[in-house]
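Breakdown of the fold
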Amino acid sequence: MPRIIYHNGTAEPNVVEAADGTSVMRAAVANDVPGIVGECGGQAMCATCHVYVRAEHLDLLPEMSEDEEEMLECTAAPRDEKRSRLSCQIVPGPGLDPIEVDVPADQI
Amino acid sequence: MTTDVTGARPIPTDDQVTIPALFDDPYPIYRRLRSHAPVHWIPAVNRYMVIGYHACRTVERDQERFSADETNSLMKRSMGHSMLRKDDPEHAVERASYGGVLRPKAIKNHWRAVFDHNARTYLDRLREIGPGADLIRDFAAPYAAENLRVIMGFYEATQQDMQRWSQTMIDGTGNYADDPEVWRMAKESSDEVDEAIDRALPYLRSHPDDSLLSRLADLPVPLESIRANMKMTIGGGLNEPRDALGTTVWALLSDPDQRALVAADPARWSDAFEESVRWVAPIGMYPREATRDTELDGFHVPAGARLGVVVGAANRDPEVFTNPDRYDIDRPKQPHLAFGGGEHFCAGAWVARSSVAQVALPMLFDTLPRLRLDPERPARAGGWVFRGMRTLPVLWD
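Presented here is a report on the structure given in the accompanying data block. Bear in mind the structure is a predicted one, so any value in this text is a computation, not a measurement.

1. Quick look at the sheet that holds strand β4 (residues 66–67) of chain B
Residue and element names in this part refer to chain B. Strand order in the open sheet made by the five strands is β2-β3-β8-β5-β4, with mixed pairing throughout. Both outer strands of the open sheet, β2 (39–42) and β4, are each paired with one neighbouring strand and no more. In this structure, strand β5 (residues 286–290) lies alongside strand β8 (residues 306–309), joined through four bridges in antiparallel fashion. Opposite Pro287, over in β8, you have Gly308 as the bridge partner. Contacts from helix α3 (residues 53–60) reach β3 (47–50), β4, β5 and β8 within the one sheet, and its direction differs from that of β8 by about 120°.

2. Details of the interface of chain A and chain B
Across the boundary between the two partners, chain A contributes 17 residues, which contact 18 residues of chain B. Taken together, the two surfaces of chain A and chain B that pack against each other cover about 1500 Å², and 52% of this comes from carbon and sulfur. When the buried surface of chain A facing chain B is broken down by residue, Glu39, Met45 and Ile108 of chain A rank first, second and third, together holding 41% of it. Where chain A meets chain B, there are four salt bridges. Here Glu66 of chain A and Lys105 of chain B are joined by a salt bridge, their closest N and O atoms 3.0 Å apart. Inspection of the region where chain A meets chain B yields 10 residue pairs in polar contact (both at pLDDT 80 or more). Counting residues per element, the ones that place at least two in the side of chain A that touches chain B are α1 (24–30) and α2 (66–71) of chain A. Examining the composition of the side of chain A that touches chain B, we find that four residues originate from one element, α2 of chain A, more than from any other. Residue classes in the side of chain A that touches chain B are distributed as nine nonpolar, three polar and five charged.

How each quantity is defined
Residues numbered from 1 in each chain as written. Chains lettered and ligands numbered in written order. Predicted model: local features only at pLDDT ≥ 70, side-chain atom pairs only at ≥ 80, totals over all residues. Heavy atoms only, no water. Pairing = 2+ DSSP bridges. Helix = DSSP H or I, 4+ residues; strand = E, 2+ residues; numbered from the N terminus. Contact = heavy atoms within 4.5 Å. Axes fitted to C-alpha atoms, helices over the stretch in contact; angles between N-to-C directions. Buried area = accessible area lost by both parts, 1.4 Å probe. Salt bridge = Lys/Arg side-chain N within 4 Å of Asp/Glu carboxyl O. Polar contact = N/O pair within 3.5 Å; in protein donor to acceptor, adjacent residues only side chain to side chain. Nonpolar A, V, L, I, M, F, W, Y, C, P; charged D, E, K, R; others polar.

See the structure below:
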């Protein structure tokens with residue numbers, strides 16, 4: 001059960017134990033983590049599960065698909081060239097357990 | 001996954017609801033129902049209507065319990081079995097067949113210029129017709145139809161063909177009264193679309209371009225699926241941007257304060273559009289079928305139950321949207337359900353946003369700054385499964 005830590009500004013972070021194979025977006029939606037919408041259910045189609053991944057994980061993230069790259073140009077909060085990802089495209093696992101992400105102020 | 005249904009309450013029945021009343025104005029009905037329960041059995045529409053925001057979200061995110069593959073679907077009869085009435089994994093394969101055609105990069109590289117051109121063309125025609133023109137018939141409808149025609153690659157058809165195909169097949173999808181004349185017209189259009197596809201595919205194989213049919217021409221997708229998906233796309237791809245455009249114009253012409261907010265800051269066209277589809281969702285209801293005995297927001301849904309996911313009602317749930325009946329582009333942002341959610345999230349969402357909010361609305365209001373409603377001929381909205389302006393007579397100087 002990989003651990004995902006979602007930081008939402010000032011409050012205590014939300015910590016979720018996700019089932020194996022569950023994306024950072026799905027784990028957030030299933031556990032009512034605020035600030036992650038995930039309208040399209042994980043197809044890299046809606047840009048509403050945007051997160052800023054903490055620096056220590058960046059080298060271990062999966063490569064970005066063309067669809068994700070395109071969608072990150074459509075996010076409500078500003079894109080960070082290094083840290084912005086769609087959380088539906090990230091599945092925690094070896095090297096990414098725990099994984100810490102910052103949730104942007106806006107998704108829509 | 002199993003769901004415990006012990007203790008779940010029976011779903012209440014409401015036999016006061018009538019289809020003509022829903023067509024005229026569904027929102028007071030939803031308001032009344034909502035005060036009792038988030039889901040009701042409505043004999044007049046032969047469905048359980050799911051009207052609560054939370055309940056709608058639950059249904060659209062759980063295809064294991066709530067299948068899109070409805071038994072005796074009128075849409076399947078009218079348009080064939082499209083991806084809209086399939087679950088994953090079958091749905092995902094067909095969805096992937098659309099590739100990037102409707103996504104932001106293709107819009108930026110190809111379709112945005114088409115939208116600009118078409119908006120200018122139909123605005124010029126609107127001005128030729130002159131004050132008193134109907135903004136739906138004379139601008140929103142041909143604009144949406146021509147955009148869709150080019151994106152799909154129906155080069156031998158006209159925008160009028162697209163409008164006729166769309167309306168008659170959608171009428172079939174909603175033919176609960178089983179009117180044979182409605183079926184005859186839907187079948188005629190369905191046959192015409194099949195012929196148009198049969199002609200287009202060989203041409204596009206030898207003259208490939210960026211259109212949807214060109215992409216499909218080279219993929220191993222069965223012809224039957226291509227046909228059904230094209231018909232679904234003709235339905236959803238035309239009425240929805242047309243109605244989003246019409247409703248937004250009506251809302252802004254009806255409320256000078258809201259119009260002033262947009263006029264002062266063009267960046268707000270996006271808010272004007274999103275609030276419009278929240279306020280009056282162009283697709284107000286879509287079907288699902290319960291795959292098992294299950295529980296929804298504390299209520300017992302029997303196996304095989306035919307559900308209507310009423311996003312038009314969910315978008316006005318006061319638990320989520322304060323003062324929900326008001327059109328207010330300044331309201332706190334909350335995700336609306338107008339594009340649906342989960343696997344069936346609207347594939348044309350970005351096309352609608354670009355063609356309506358980035359192109360047509362700004363160009364219309366810039367070109368006709370004195371655009372206003374015609375006090376002699378009132379605008380009229382209608383519909384509940386599909387809702388939009390039926391007529392929108394306008395004046396300008």
